[in-house]
Amino acid sequence: IEDTDQKRLVPGSAEAIARDLKWSGIDFDEGPGKNEKFGPYFQSQRTSIYRQYANQLLEKGHAYRCFCSEDRLAKSRASTVTRGNLQLYDRYCLSLTQSQIKANLDAGVPHTIRLLIPSGETLHDDIVCEKVIFKNNIVDDQILLKSDLFPTYHLASVVDDHLMQISHVIRGDEWLSSVPKHLMLYSAFGWEAPKFAHLPLLLNPDKSKLSKRQMDTSIVSMKEKGYLASALLNFVAFLGWTPEEHLIVKQTPILTLSQMIEMFSLERLNKSDY
């Protein structure tokens, strides 16, 4: 459960997700209160783990401390925009000496920990998007640990997925641009990266990304209007996926969950948004 962004935390949202999954017939195999092999499952309860791995990156030279204030960062971004360049961090704090870093730490100056992006290119073979090449010089030195000592998604997801032995990461293709950062983290830790599949997005009529904050798209709303779980599952499953067994689909317009599982393969996913 990704609850490290304390400003956007909604009490009870995790329980609501579990209820919606249970209603749809897609119960989770492991998580809070069930088969807790790799817990805790709330990222806010795993902060000491993330700090440990962030310190490892510092020690290995794959990350550095950034003491820049919000004001300095804002001015740097404004200057970058004026010059028409990419809004990348200017690595001002990368040049700090060890004595300067120690002085800042002793004085309690707030700071973040940033990933040091290496030079060159990052190659990625995605299950859906296939081969993608990223130029590292346009990848920002991502903040991994915030000044409140909570991790960003980038550090937390990589550490969690490794420790929880995740084999496949399946997410929306808006995260494709973050792949080089994540692959760099796996490499820096000396870990084998999982396989990635970046799915096409579901869109609103105006082609903007479908969101639970827009229109009437929540599962709770569907339930209250009397939609059946099987109807919702079939509708969503066929948005961006086509099974090979076309004849079976014609003979059986409504698929059961077990039929979907039997037919499904990541290779049959479409690449275009819906």
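Keep in mind the model is a prediction, meaning the values are calculated, not measured. (Residues numbered from 1 in each chain as written. Predicted model: local features only at pLDDT ≥ 70, side-chain atom pairs only at ≥ 80, totals over all residues. Heavy atoms only, no water.)

**Describing the overall build of the chain**
Working step 1: Across its full length, the chain carries 10 helices and seven strands.
Working step 2: Each of the 274 residues in the chain was classed as buried or not, and the buried ones make up 35%.
Working step 3: In the chain, the share of contacts with a sequence separation of at least 24, taken over all contacts with a separation of at least 6, comes to 69%.
Working step 4: Taken as two groups, the 32 positive and 34 negative side-chain charges of the chain have centres that lie 4 Å from each other. (Helix = DSSP H or I, 4+ residues; strand = E, 2+ residues; numbered from the N terminus. Buried < 20%, exposed > 50% of the residue type's maximum accessible area, 1.4 Å probe, protein only. Contact = heavy atoms within 4.5 Å. Lys, Arg positive; Asp, Glu negative; His and termini not counted. Charge placed at Lys NZ, Arg CZ, Asp CG, Glu CD.)

**Quick notes on the pairing of strand β4 (residues 130–135)**
Working step 1: The sheet contact formed by strand β3 (residues 121–126) and β4 spans six bridges and is antiparallel. Each bridged residue has a counterpart across the sheet, and for aspartate 126 the counterpart in β4 is glutamate 130. (Pairing = 2+ DSSP bridges.)

**Examining the side chain of threonine 4**
Working step 1: As for its placement among the helices and strands, threonine 4 is situated in the segment before α1 (13–24).
Working step 2: In this structure threonine 4 comes out as buried when scored by relative accessible area, which is 9%.
Working step 3: For threonine 4, the side chain forms a polar contact with the main-chain oxygen of proline 151, separated by 3.5 Å.
Working step 4: Setting aside chain neighbours within four positions, we find threonine 4 in contact with Gln43, Ser44, Lys146, Phe150 and Pro151. (Polar contact = N/O pair within 3.5 Å; in protein donor to acceptor, adjacent residues only side chain to side chain.)

**Quick look at the sheet that holds strand β1 (residues 63–66)**
Working step 1: Ordered in space as β1-β2-β5, the three strands form an open sheet in which the pairing is antiparallel. Whereas interior strands pair on both sides, the edge strands pair on one side only; in this sheet they are β1 and β5 (143–145). The sheet shows a mean angle of 45° between the axes of neighbouring strands, direction not considered.
Working step 2: Sheet contacts for helix α2 (residues 47–60): β1, β2 (112–115) and β5; angle to β1, the most-contacted strand, approximately 105°. (Axes fitted to C-alpha atoms, helices over the stretch in contact; angles between N-to-C directions.)

**Description of the nonpolar core**
Working step 1: By size, the foremost hydrophobic cluster in this structure holds 29 residues, and its most contacted members are Leu57, Leu155, Val159, Leu185, Phe189 and Trp191.
Working step 2: If you list the elements that add at least two residues to this core, you get α2, β2, β4, β5, α5 (153–163) and α6 (179–189).
Working step 3: It is α6 that provides the largest number of residues to this core, a total of seven residues.
Working step 4: When neighbours within four sequence positions are excluded, valine 159 is seen to be in contact with Ile49, Tyr50, Tyr53, Phe189 and Trp191. (Core = buried A, V, L, I, M, F, W, Y, C linked by side-chain atoms within 4.5 Å.)

**Considerations on the environment of asparagine 104**
Working step 1: Residue placement: asparagine 104 occurs in helix α4 (residues 98–106).
Working step 2: Separated by 37 residues in sequence, asparagine 104 and phenylalanine 67 have C-alpha atoms that sit 7.8 Å apart.
Working step 3: With sequence-adjacent residues up to four places away left out, asparagine 104 is seen in contact with Phe67, Leu96 and Val109.

**Let's talk about unusual backbone geometry**
Working step 1: Of the consecutive residues glycine 39 and proline 40, the connecting peptide bond is found in the cis state with omega at 0°.
Working step 2: Relative to the helices and strands, proline 40 resides in the loop between α1 and α2.
Working step 3: We note that asparagine 35 has phi near 45°; this positive angle belongs to a residue other than glycine.
Working step 4: On the basis of relative accessible area, asparagine 35 is assigned to the exposed category, the value being 53%.
Working step 5: Of note in the backbone geometry, arginine 91 takes a positive phi value of approximately 60° without being a glycine.
Working step 6: Relative accessible area serves as the criterion here: at 31%, arginine 91 is assigned to the partly exposed category.

**Overview of the packing of α5 against α6**
Working step 1: Close contact between α5 and α6 brings their axes to 10 Å; oriented N to C, the two are set at 55°. In this view, α5 runs oblique relative to α6, as classed from their interaxial angle. As α5 packs across α6, the resulting crossing turns out to be right-handed. Residue-level contacts link Tyr153, His154, Leu155, Ser157, Val158, Val159, Asp161 and His162 of α5 to Lys181, His182, Leu185, Tyr186 and Phe189 of α6.
Working step 2: Split into classes, the residues belonging to the contact of α5 with α6 amount to seven nonpolar, four polar and two charged. (Parallel < 35°, antiparallel > 145°, perpendicular 65-115°, else oblique. Left-handed = near helix turned anticlockwise from the far one by under 90°. Nonpolar A, V, L, I, M, F, W, Y, C, P; charged D, E, K, R; others polar.)

**Regarding the packing of aromatic side chains**
Working step 1: The tally for this structure, following the rule as stated, stands at seven aromatic pairs.
Working step 2: Plain terms: the ring middles of tyrosine 64 and tyrosine 89 are 6.5 Å apart, the flat faces sit at 20° to each other, and that makes the pair stacked. Here tyrosine 89 lies in the loop between α3 (70–83) and α4 and tyrosine 64 lies in strand β1, a separation of 25 residues in the sequence. Each member of the pair, tyrosine 64 together with tyrosine 89, is buried.
Working step 3: Here tyrosine 153 and tryptophan 175 contribute two aromatic rings whose centre-to-centre distance is 4.3 Å and whose plane-to-plane angle is 35°, an arrangement assigned as tilted. With a gap of 22 residues between them, tyrosine 153 in helix α5 and tryptophan 175 in the loop between β6 (168–172) and α6 connect regions that are remote in the sequence.
Working step 4: The class of tryptophan 175 is partly exposed, set by a relative accessible area of 28%.
Working step 5: Each residue in the set Tyr53, Phe189 and Trp191 is aromatic and connected to the rest through ring pairs, giving one cluster.
Working step 6: Positioned over the ring face of tyrosine 92 is arginine 72, at 4.2 Å from the centre of the ring.
Working step 7: Taking NZ or CZ as reference, arginine 114 lies 3.9 Å from the ring centre of tyrosine 89, over its face. (Phe/Tyr/Trp six-rings, centres within 6.5 Å; stacked < 30°, edge-to-face > 60°. Lys NZ or Arg CZ within 6 Å of the ring centre and 35° of its normal.)

Remember, this is a structural readout, not a statement about activity or role.
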